[in-house]
Amino acid sequence: MRSRLSSQLLLSALLCAGLPAAADAQIYSWRDADGSLVLSTTARPGAAVQTYAITNAAAGIRTTRPLSRRAQEFEPFIVEHASAQNVRADLVRAVIQAESAFNPQARSHKGAMGLMQLMPATASELGVTDPYDPNQNIRGGVTYLKTLLLKYSHNEELALAAYNAGPGAVAKYGAVPPYRETRDYIARIKNTAGPSKPTPRPVQRSVEVVDGRPVTLFSNKPERR
């Protein structure tokens, strides 16, 4: 019992202390004079040890939280509409968490409504007649998110920036706007949703004149020369 308890405590201490993320690591084990199992990141000189290799240990550990009871209530709608629009369900969940914390009755001081915080004009354009209805709201929000992903050639950071600050702000700066709220919003969602698939090519920004007005365009296709 003492040996098992000692090994558990020592292993926990080693993991909590952290191992370098940029390189592989090793754990050495041996029995001390009273027979207790010892675990260490450094070998004991002259001791008969066993070695365990740990590849990129710190980078390989990821923890996830189970869905809350409130989130589970809307999971069928998330899966249905994310699948229909070919959008990552993890991304949709993260947007809902950031926007409303899964409160279907949420309303911002700017007038954004429901789970995915649809503005009245956006809800109307998407055919959402009741923004506080979870099914309608998620359908509209996912559809709008997919529109932004297509607009920015599946660059999630730009799509999220536009979702938060508006496409006009992204067009103004040609990148993620330097607003702290928007950058924190993107970081929070990325941390919750996990990594996205890499963008095939860098997103290019160009400006074209349409009907006498400059229009900012984003594309991952290289410019013709």
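Look up a bit, the structure's there.
Now for a description of the structure that goes with this document.

1. Some points on the overall build of the protein chain
Looking only at helices and strands, the protein chain features nine helices and five strands. Along the protein chain, from the amino end to the carboxyl end, the secondary structure elements read α-β-β-β-α-α-α-α-α-α-α-α-β-β. Of the contacts formed within the protein chain by residues at least 6 apart in sequence, a portion of 42% connects residues at least 24 apart.

2. Describing the nonpolar core
Counting residues in each nonpolar core, the largest one holds 36 residues, and the members touching the most others are Val92, Val95, Ile96, Leu145, Leu160 and Tyr163. Counting only elements with at least two residues in this core, the list comes to helix 3 (69-85), helix 4 (89-100), helix 6 (134-151), helix 7 (156-165) and helix 9 (180-193). Among all residues touching Leu160, those that are not within four sequence positions of it are Leu91, Val95, Leu145, Tyr185, Ile186 and Ile189.

3. Some details on the packing of aromatic side chains
In this description, a pair of aromatic rings is defined by centroid distance and the angle of the planes. Under the definition given, this model contains two aromatic pairs. The interplanar angle of 45° and the centroid separation of 5.5 Å between the aromatic rings of Tyr144 and Tyr163 together place this pair among those described as tilted. Here the residue Tyr144 occupies a position in helix 6, and Tyr163 occupies one in helix 7, the gap between them amounting to 19 residues. The two residues Tyr144 and Tyr163 agree in class, both being buried.

4. Concerning the environment of Val95
Summarising the element assignment, Val95 is placed in helix 4. With relative accessibility at 0%, the residue Val95 sits in the buried group. Apart from residues lying up to four places away in sequence, Val95 is in contact with Met116, Leu145, Leu160, Tyr163, Tyr185 and Ile189.

5. As for the packing of helix 6 against helix 7
It is the contact of helix 6 with helix 7, at a shortest axis distance of 8 Å, that shows an interaxial angle of 130°. Between helix 6 and helix 7, the angle is such that the two are oblique. Crossing handedness for the pair helix 6 and helix 7: right-handed. Within the contact between the two elements, helix 6 uses Gly141, Tyr144, Leu145, Leu148 and Leu149 and helix 7 uses Glu156, Ala159, Leu160, Ala162 and Tyr163. Looking at the contact of helix 6 with helix 7, its residues break down into eight nonpolar, one polar and one charged.

What counts and how
- Residues numbered from 1 in each chain as written.
- Predicted model: local features only at pLDDT ≥ 70, side-chain atom pairs only at ≥ 80, totals over all residues.
- Heavy atoms only, no water.
- Helix = DSSP H or I, 4+ residues; strand = E, 2+ residues; numbered from the N terminus.
- Contact = heavy atoms within 4.5 Å.
- Core = buried A, V, L, I, M, F, W, Y, C linked by side-chain atoms within 4.5 Å.
- Buried < 20%, exposed > 50% of the residue type's maximum accessible area, 1.4 Å probe, protein only.
- Phe/Tyr/Trp six-rings, centres within 6.5 Å; stacked < 30°, edge-to-face > 60°.
- Axes fitted to C-alpha atoms, helices over the stretch in contact; angles between N-to-C directions.
- Parallel < 35°, antiparallel > 145°, perpendicular 65-115°, else oblique.
- Left-handed = near helix turned anticlockwise from the far one by under 90°.
- Nonpolar A, V, L, I, M, F, W, Y, C, P; charged D, E, K, R; others polar.

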